[in-house]
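# Inside the fold
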Amino acid sequence: MDIALVVTTVTAIMVTLFGYIATYINDVRITQRTEQLNRVNKQLSEFYGPLFALSQANGIAWHKFREEYRPHEAFFSRSNPPSEEELQIWRLWIQTVFMPSNLQMYEIIVLKADLLIEKHMPQCLLLFCAHVTAYQPVLKKWKLNDYSEHTSLINYPSNELLEYCNKSFERLKAEQSRLLGVRVS
């Protein structure tokens, strides 16, 4: 038996074996990266993207509403309550602008909670869902021409919700860019 032949054969087998192992490890890494990217893309397209857009639009609409109506005091000020005309405007905006958008956000949160970044539902999302749910009896009363109530029993968590949506969206966009190998300036 020729020692050179044995060394050559063992070397060829080892190189082939290491090649297969390296290919396998590389394939596993590519698959994991692809799965991570697919999850981030799904989180952005089905949860955080729509939630971000709707919360931003709601925020802009709210600021414009407040600039136009009772800009220098709380809308439901105890010392200067809104007039009947202002209450009609409030009901119009709640029914046609804010609640349709809030209901879309509510559905996204409830139906797509599996796409959350966190392990547990963030408090601001729970408060938002509670706010929307607690507004339902008020809206039902309005349909029955009962205007004795005008607000939800649970306040809208505006600052917390906007901050959460902004930070989560930016975090996922950065992760998406990293997974794609794109440098963000």
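Computed from a predicted structure; not experimentally measured.

A word on the confidence of the model for the protein. Per-residue pLDDT for the protein has a mean of 93; in total, 98% of the residues score no lower than 70. Predicted confidence in the protein is weakest over helix H1 (residues 3-68), with a mean pLDDT of 89, and strongest over helix H3 (residues 123-143), with 98.

This paragraph deals with the layout of surface pockets. If you add up the space inside the largest pocket, you get close to 620 Å³. Taken together, 24 residues make up the lining of the largest pocket; nearest its centre are Trp62, Trp90, His131, Tyr156 and Ser158. If you list the elements that add at least two residues to the lining of the largest pocket, you get H1, helix H2 (84-111), H3 and helix H4 (158-180). At six residues, H1 tops the list of elements feeding residues into the lining of the largest pocket. Taken together, the residues of the lining of the largest pocket break down into 12 nonpolar, 11 polar and one charged.

Another aspect to go through is the nonpolar core. Counting residues in each nonpolar core, the largest one holds 35 residues, and the members touching the most others are Phe47, Ile94, Leu125 and Tyr135. At the level of secondary structure, the elements contributing two or more residues to this core comprise H1, H2, H3 and H4. If we skip the residues at most four places from it in the chain, Ile94 touches Met99, Pro100, Tyr135, Leu139 and Trp142.

Calculation criteria
Residues numbered from 1 in each chain as written. Predicted model: local features only at pLDDT ≥ 70, side-chain atom pairs only at ≥ 80, totals over all residues. Heavy atoms only, no water. pLDDT = per-residue confidence, 0-100. Helix = DSSP H or I, 4+ residues; strand = E, 2+ residues; numbered from the N terminus. 1 Å grid on protein atoms, 1.4 Å probe; cavity = no way out; pocket = protein on both sides within 12 Å on 5 of 7 lines; lining within 4 Å. Points joined across faces, edges and corners; volume = space filled by probe spheres on them. Nonpolar A, V, L, I, M, F, W, Y, C, P; charged D, E, K, R; others polar. Core = buried A, V, L, I, M, F, W, Y, C linked by side-chain atoms within 4.5 Å. Buried < 20%, exposed > 50% of the residue type's maximum accessible area, 1.4 Å probe, protein only. Contact = heavy atoms within 4.5 Å.

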